[in-house]
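Here is what each chain is made of, one letter per residue.
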Amino acid sequence: MKPFTRLDGLVAMVDRANIDTDAIIPKQFLKSIKRSGFGPNLFDEWRYLDHGEPDQDCSGRPLNPDFILNQPRYQGASILLARENFGCGSSREHAVWALENFGIRCVIAPSFADIFFNNCFKNGVLPLCLPVETMDRLFAAVEGTPGYRLVVDLPAQTVTTPDGTAFAFEVDQSRKQCLINGWDDIGLTLRHAEEIRSYEAQRRVAAPWLFA
Amino acid sequence: MAGKTLYDKLWDAHVVRTEADGTALLYIDRHLVHEVTSPQAFEGLRLTGRQPWRRNSIVAMPDHNTPTDPGFTRIDDPVSRTQVETLDANARELDLPSYFPIGDLRRGIVHVAGPEQGATLPGMTVVCGDSHTATHGALGALAFGVGTSEVEHVMATQCLIQKKSKTLLIRVDGAVGPGVTAKDIILAIIGHIGTAGGTGYAIEFGGSAIQALSMEGRLTVCNMAIEAGARAGMVAVDDTTIAYVKDRPFAPKDELWERAVAAWRELHSDPDAVFDRVVTLDAAAIKPQVTWGTSPEMVVAVDQAVPDPAQEADATKRAGMERALQYMGLQPNTPMTAIMLDRVFIGSCTNGRIEDLRAAAAVIQGRKVASSLKQALVVPGSGLVKQQAEAEGLDQVFTAAGFEWREPGCSMCLAMNADRLLPGEHCAATSNRNFEGRQGQGGRTHLVSPAMAAAAALAGHFVDVRTF
Ligand code: SF4
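Just so we're clear, the structure is a prediction, and the values are computed from it rather than from any experiment.

### As for the overall build of chain A
(1) Moving on: Helix and strand content of chain A: 8 helices and 7 strands.
(2) Moving on: A buried classification covers 59% of the 212 residues belonging to chain A.
(3) Moving on: Taking contacts inside chain A between residues at least 6 apart in sequence as the whole, the part at least 24 apart equals 64%.
(4) Moving on: Each charge class in chain A was averaged separately, 22 positive and 27 negative side chains, and the resulting centres sit 4 Å apart.

Next up, the structure:
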């Protein structure tokens, strides 16, 4: 996993609440058995005027001029602002793979759906929550300032605006360490293999039907 | 000290170790696997040279991409076919003992087939790379959906890294009226607390209306916990649970059964348990529900009208409503019963069980699908549901009325196979999501109960099943 420490990035926004994972990556792209290549299909139904299919070359497809991420000013963005309950719906990790592949390393919203939130940390993407009032300010700032950037500092747990205003955010310490170091969860867990085995041994005695 | 909630009990029984920040390593008893979210996880195992920790914890089957055409022999879409074949190959390579491929009568939507086989039992931790895993909580289990990285993590370690959720008790007290089903209860709950109302919580559904539900009904309710924002939903174990589990193929037998039942009897919240939040609903006030928008919380009773965004004070919400109405092609204040339908879909892990098919068939009995409808589809949740329905003659009721009777799978719930809506079409669906494009690009989904879907199919528009 790509480590995440400090990100100085161009900010894009999709000003909607309840953006679901079906919208982030429509289901036809879930047929892929790969983990990569989903970026061109991020927000596919909103982004293009035609219907997209897996394995299609997207470079010649008609873009929807009304979809905000198609505006030239947002090209190359690595930070995405959104509203409440971002990533709700299906558990598809493809949603995070698509964002990451598109170039988004940090999503900032007032709240996230649990599974999506979790999936982000497994892929070097930082989902962070800021209060609604702060979000309103940031949306207004991005709207009014082409080329608007933010600095997200994970070790310091701050988001800093160009005028130097810093907003603090919360993050679980173990998740933070994993992101900063780019650690693989499975490797970490397997260090506790002995404990897992001894738990298992006890359970086999207490509740043998679980192991049939 | 206060007593424990059901969630506390399930959690505590599965903690392998806890870190200083409260993050726990949670042991997983049952791992359900389907073809869509598993290929990258199997690939991850291969790349790192890891083996599954406990192969017999895995129950796997293809469901999302499988065709539903009667007697199909192959998957025409090459991308779908590759995905199903990849699961076949992975199951073969790892020699998974419980793999139900196409052609196996036990195959179905994992959330229907799992409980049906007794593969998900009370007291278990159950995960699946699918957000509707909460379904299995109906059995008094801790069940939740995970992403593909976590699928791989569970395969490799039999554990998950988890933080404990807060607890939310949703009590539905009293008795529902005739024609009001488990689906209406859960839609009413979501309408009440919103799609983010349960975010960060594990929900326990309780109260006399929940206790009165059959196991099928409880599975329907827990299925949509995720639509209320919660990863897990659950119901306490009682006689209904135990009677349901008894004699299922994976359920314990004889002396082990007795021991298991004794343990399962403890799986309820203690009377003095304290929840972080409690929400109560009056069952008698719940009417048959229909969604009008593109989020399950955009729901009203069938005798109401499409709401007017102008009445909404919150700007973000208002904008959401306006966008939803535009997508749905609906005008504010249109009576729900005036919405004309193009297709009707009865099936999915929410409402693809035998009881659901019986409820729909009971409404249809001898009548015909409206001629204005392009398609009415019944897709049983599993091969065994289909077989049972056929033994009861339900397939005859459906086909005589003009419904198509299909092979089991997810089908038009998410339209990964060939069953889908065309742009602009309105569909009465018994599934769980009405998101934009969910049932096909531009498709317009209205979520309802099986009885309401059946009545709507006969009328060609929504009708109040209570007076139909
Ligand atoms: S029936 Fe629908 S919701 Fe259920 S598992 Fe299949 S696609 Fe998901």
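Here the narrative resumes.
### Considerations on the pairing of strand β18 (residues 426–429) of chain B
Residue and element names in this part refer to chain B.
(1) Moving on: Burial along β18 is two-sided: the residues H426 and A428 and C427 and A429 are all buried.
(2) Moving on: Here strand β15 (residues 343–346) runs beside β18; their pairing, made up of 3 bridges, is parallel. Note that in β18 the partner of F345 across the bridge is A429.
(3) Moving on: As paired elements, β18 and strand β19 (residues 444–447) share 4 bridges and run parallel to each other. When the sheet's bridge partners are listed, A429 is paired in β19 with L447.

### Concerning the layout of surface pockets
(1) Moving on: The computed volume of the second largest pocket comes to approximately 930 Å³.
(2) Moving on: Lining the second largest pocket are 44 residues; nearest its centre among them are N18 of chain A together with S295, E297, M298 and K317 of chain B.
(3) Moving on: Within the lining of the second largest pocket, the residues separate by chemical class into 20 nonpolar, 13 polar and 11 charged.

### Observations concerning the sheet that holds strand β9 (residues 166–173) of chain B
All names here are of chain B.
(1) Moving on: Strand order in this open sheet of 4 strands is β11-β10-β9-β12, and the pairing throughout is parallel. The open sheet terminates on both sides in strands that have one partner only, identified here as β11 (232–234) and β12 (277–282). On average, each strand axis in the sheet is inclined to that of its neighbour by 20°, with strand direction left out of account.
(2) Moving on: Here strand β10 (residues 201–206) runs beside β11; their pairing, made up of 3 bridges, is parallel. Within the sheet, the bridge partner assigned to A202 lies in β11 and is A232.
(3) Moving on: Its contacts with the sheet place helix α6 (residues 182–193) against β9, β10 and β12, and it is angled at close to 125° to β12.

### Observations regarding helix α5 (residues 132–144) of chain A
Residues and elements named next belong to chain A.
(1) Moving on: For α5, which comprises 13 residues, the first-to-last C-alpha distance of 18 Å matches the rise-based estimate of 18 Å (1.5 Å per residue) to within 8%.
(2) Moving on: Buried within α5 are the following residues: T134, M135, L138, F139 and V142. When α5 is viewed along its axis, its buried side chains cluster within an angular range of 135° and face the same direction. Facing away from the buried side of α5, by more than 90 degrees, are the exposed residues E133, R137, E143 and G144.
(3) Moving on: Those residues of α5 that are buried are in contact with β1 (6–13), β2 (79–81), β3 (106–109), β5 (149–153) and β7 (166–168).

### Focus: the packing of aromatic side chains
(1) Moving on: By the definition in use, this model includes 16 aromatic pairs over all chains.
(2) Moving on: Considering the side-chain rings of F43 of chain A and W46 of chain A, the 5.6 Å spacing of their centres and the 5° angle between planes classify their relative orientation as stacked.
(3) Moving on: For F43 of chain A, a relative accessible area of 0% puts it in the buried group.
(4) Moving on: Note on W46 of chain A: relative accessible area 11%, which makes it buried.
(5) Moving on: Ring plane angle 75° and centroid distance 5.5 Å describe the contact between F398 of chain B and F403 of chain B, whose orientation is recorded as edge-to-face. Residue F398 of chain B shares its accessibility class with F403 of chain B, and that shared class is buried.
(6) Moving on: The aromatic ring of W46 of chain A is capped on one face by R16 of chain A, whose charged end is 3.9 Å from the ring centroid.
(7) Moving on: Against the face of Y48 of chain A rests R61 of chain A, its NZ or CZ located 3.8 Å from the ring centre.

### Topic: the site of the ligand
Residue and element names in this part refer to chain B.
(1) Moving on: Close to the ligand lie H64, I109, H111, D130, H132, S348, C349, C410, C413, L414, N432 and R438.
(2) Moving on: Under a 2 Å grid-point criterion requiring more than half of the atoms, the pocket assigned to the ligand is the largest cavity.
(3) Moving on: Residue classes in the shell around the ligand are distributed as 5 nonpolar, 5 polar and 2 charged.

### Overview of helix α6 (residues 173–181) of chain A
Residue and element names in this part refer to chain A.
(1) Moving on: Within α6 the residues assigned to the buried category are K176, C178, L179 and I180.
(2) Moving on: Its buried side turned inward, α6 meets α4 (114–121), β4 (126–129) and α7 (185–190).
(3) Moving on: Of the residues one or two after α6, G182 is the one with positive phi, at around 65°.

### As for the packing of helix α3 (residues 94–102) of chain A against α4 of chain A
Residues and elements named next belong to chain A.
(1) Moving on: In contact at an axis separation of 9 Å, α3 and α4 are set at 50° when each is read in the N-to-C sense. Relative to α4, the element α3 is oriented oblique. Our pair here, α3 against α4, has a crossing hand that is right-handed. Here α3 contributes A95, V96 and L99 to the contact with α4, which in turn contributes F116, N119 and C120.
(2) Moving on: Among the residues forming the contact of α3 with α4, the class breakdown is 5 nonpolar, 1 polar and no charged.

### Side note on the packing of helix α13 (residues 354–364) of chain B against helix α15 (residues 394–401) of chain B
Residues and elements named next belong to chain B.
(1) Moving on: Closest axis-to-axis distance for the α13/α15 pair is 10 Å, and the angle between their directions is 45°. As the angle between them shows, α13 and α15 are arranged oblique. In this structure, α13 meets α15 at a crossing whose hand is left-handed. Within the contact between the two elements, α13 uses I354, L357, R358, A360, A361 and I364 and α15 uses L394, V397, F398 and A401.
(2) Moving on: A breakdown of the residues in the contact of α13 with α15 according to their chemical character gives 9 nonpolar, no polar and 1 charged.

### Let's talk about the interface of chain B and chain A
(1) Moving on: Taken residue by residue, the interface counts 74 residues in chain B and 58 residues in chain A.
(2) Moving on: Together chain B and chain A conceal approximately 5400 Å² of surface at their shared face, both sides included; 54% is due to carbon and sulfur atoms.
(3) Moving on: When the buried surface of chain B facing chain A is broken down by residue, Q40, W53 and Q441 of chain B rank first, second and third, together holding 12% of it.
(4) Moving on: For the pair chain B and chain A, the interface holds 8 salt bridges.
(5) Moving on: Where R54 of chain B meets E200 of chain A, a salt bridge forms, and the shortest distance between an N and an O atom there is 3.7 Å.
(6) Moving on: Remark: the boundary between chain B and chain A carries 34 residue pairs in polar contact (both at pLDDT 80 or more).
(7) Moving on: Within the residue set of the side of chain B that touches chain A, elements represented by two or more residues are β1 (15–18), β2 (24–27), α2 (39–48), α3 (78–93), α5 (148–157), β8 (159–162), α10 (254–264) and α11 (315–328) of chain B.
(8) Moving on: Residues that form the side of chain B that touches chain A fall into these classes: 26 nonpolar, 30 polar and 18 charged.

So, how was this worked out
- Residues numbered from 1 in each chain as written.
- Chains lettered and ligands numbered in written order.
- Predicted model: local features only at pLDDT ≥ 70, side-chain atom pairs only at ≥ 80, totals over all residues.
- Heavy atoms only, no water.
- Helix = DSSP H or I, 4+ residues; strand = E, 2+ residues; numbered from the N terminus.
- Buried < 20%, exposed > 50% of the residue type's maximum accessible area, 1.4 Å probe, protein only.
- Contact = heavy atoms within 4.5 Å.
- Lys, Arg positive; Asp, Glu negative; His and termini not counted.
- Charge placed at Lys NZ, Arg CZ, Asp CG, Glu CD.
- Pairing = 2+ DSSP bridges.
- 1 Å grid on protein atoms, 1.4 Å probe; cavity = no way out; pocket = protein on both sides within 12 Å on 5 of 7 lines; lining within 4 Å.
- Points joined across faces, edges and corners; volume = space filled by probe spheres on them.
- Nonpolar A, V, L, I, M, F, W, Y, C, P; charged D, E, K, R; others polar.
- Axes fitted to C-alpha atoms, helices over the stretch in contact; angles between N-to-C directions.
- Expected span 1.5 Å × (residues − 1).
- Arc of directions from axis to C-beta.
- Phe/Tyr/Trp six-rings, centres within 6.5 Å; stacked < 30°, edge-to-face > 60°.
- Lys NZ or Arg CZ within 6 Å of the ring centre and 35° of its normal.
- Near = heavy atom within 4 Å.
- Sits in = over half its atoms within 2 Å of the grid points.
- Parallel < 35°, antiparallel > 145°, perpendicular 65-115°, else oblique.
- Left-handed = near helix turned anticlockwise from the far one by under 90°.
- Buried area = accessible area lost by both parts, 1.4 Å probe.
- Salt bridge = Lys/Arg side-chain N within 4 Å of Asp/Glu carboxyl O.
- Polar contact = N/O pair within 3.5 Å; in protein donor to acceptor, adjacent residues only side chain to side chain.

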